[in-house]
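# Structural overview
What follows is the residue order along each chain.
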Amino acid sequence: MRILFISRAYPPVTGGIENQNYGLANALKSFADVKIIANKKGKRNLPFFLPWAGLAGLFFASRFDAIILGDGVLSPIGRMLKFFYPRKKVFSIIHGLDITYARKKSLLGRVYRSINIPALKSLDKLVMVGNSTIEETVKSGILRDKCVFIPNGVDPKDICEKHGRSELENLIGMSLDEKKAIVRVGRYVKHKGTDWFIEEVMPKLPENYILVAAGGVVAKKTPGDENIHPICQKAVVDNKLKSRVVLLTNLLWRDMKVLFNTADLFISPNVKIEGSMEGFGINAIEGAACGRVVVASRLEGLQDAITDGENGFLIEPGNVEEYVRTITRILEDDESRAEFSQRAKNYTTRNFSWDVIAKKYMEVLAGAR
């Protein structure tokens, strides 16, 4: 099969969609002839990339059996390609924000709702990265039969490396002697729950527990979720946690891998925020793939990433005492944590490796021909 893959979010820029698009596009090369049209310069380049991608898509589409769009932002391009090539199969990957953004009350939200949602309805199949995203999509008037769930994947060979504790100390500028490092990876946006965790959970954890949060800072005037990095900074100061919380921003991928491979515990403490959601929770399976115990909220797409007791533990969102109790239990028992870490790593590799996920995509593509 010949596949044209169009992505508006792609490395070397780092992020959940960037990693997902890159991992899938390259994994599909083991099963098909894949051509990639990708924006590698970030969101600021989108005004130039989108018209270019549309023109390139029109030029190349006739040579391919199927077209995959990296996310719902590209759906107008997909609709255009369906108009000029009605027999071509056009698919779009759908992340949580691809649907919830249409409910924003801003001007851009109304534009997205009037243009992108109808465009998604015109495509042949929508591949949802989480089951919760399917439910939100149906609420937007898109037929359930058009939706199929395929989780995100991870490449253990790319992310799992040997890194020493001293590398983590150098990265955060702090000694970790007799301390436990809790790592939270994810953009500084409200639904990720980083500010909630700092405000509500960290003050109740033992003094030798350190939180390292790392993620992208949402630029001003960027459509989507609001940047809460300043809120996190204020929470650190207000709760007198300067010696126990480190906030890192926009790290290089090599530094991110230090976090994934040296943390004592990995957390995804998401909270429910109207108008936003976690489509899947790729950082959770990245942590699990590296043998980290993951504690995550039982919420939205995180429930597709983490199977309770298999590759992590799920906690009711917003339940402070349960978070404190679970984290303390795990970090106080090094032997049990090491045993569970290996089991979680094996489970995640077996179920979420990109070759496994790419095969599922190929089955959907073949079934739609």
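We now turn to the structure provided with this report. The model shown is predicted, which means the values in this text are computed figures rather than measured ones. (Residues numbered from 1 in each chain as written. Predicted model: local features only at pLDDT ≥ 70, side-chain atom pairs only at ≥ 80, totals over all residues. Heavy atoms only, no water.)

With that settled, consider the overall build of the protein chain. Counting its regular elements, the protein chain contains 16 helices and 12 strands. Taking 369 residues into account, the globule formula puts the C-alpha radius of gyration at 21 Å, and the protein chain, at 20 Å, falls close to it. Projected onto its principal axes, the C-alpha coordinates of the protein chain cover approximately 65 × 40 × 35 Å. The proportion of buried residues among the 369 residues of the protein chain is 56%. Nonlocal contacts in the protein chain, meaning residues at least 24 apart in sequence, comprise 72% of its contacts between residues at least 6 apart. Accessible area of the protein chain: about 16200 Å², with a carbon and sulfur share of 52%. The positive charge centre, built from 54 side chains, and the negative charge centre, built from 42, are 9 Å apart in the protein chain. (Helix = DSSP H or I, 4+ residues; strand = E, 2+ residues; numbered from the N terminus. Rg over C-alpha atoms; globule rule 2.2 N^0.38 Å. Buried < 20%, exposed > 50% of the residue type's maximum accessible area, 1.4 Å probe, protein only. Contact = heavy atoms within 4.5 Å. Areas by Shrake-Rupley, 256 points an atom, 1.4 Å probe, with all protein chains shown as cover. Lys, Arg positive; Asp, Glu negative; His and termini not counted. Charge placed at Lys NZ, Arg CZ, Asp CG, Glu CD.)

The next subject is the sheet that holds strand β4 (residues 89-94). Spatial ordering of the open sheet is given by β2-β1-β3-β4-β5-β6, a layout of six strands whose pairing is parallel. Either end of the sheet is taken by a strand with one partner, and the two such strands are β2 (33-38) and β6 (147-149). Mean inter-strand twist for the sheet, computed between neighbouring axes without regard to direction, equals 25°. Bridge analysis of strand β3 (residues 66-69) against β4 gives four bridges, and the strand direction is parallel. What sits directly across from I67, in β4, is V90. Across the sheet, helix α2 (residues 46-60) is in contact with β1 (2-7) and β2; its angle to β2 comes to roughly 155°. Contacts between helix α6 (residues 131-139) and the sheet are confined to β4, β5 (125-128) and β6, with β6 contributing the most and set at about 165° to the helix. (Pairing = 2+ DSSP bridges. Axes fitted to C-alpha atoms, helices over the stretch in contact; angles between N-to-C directions.)

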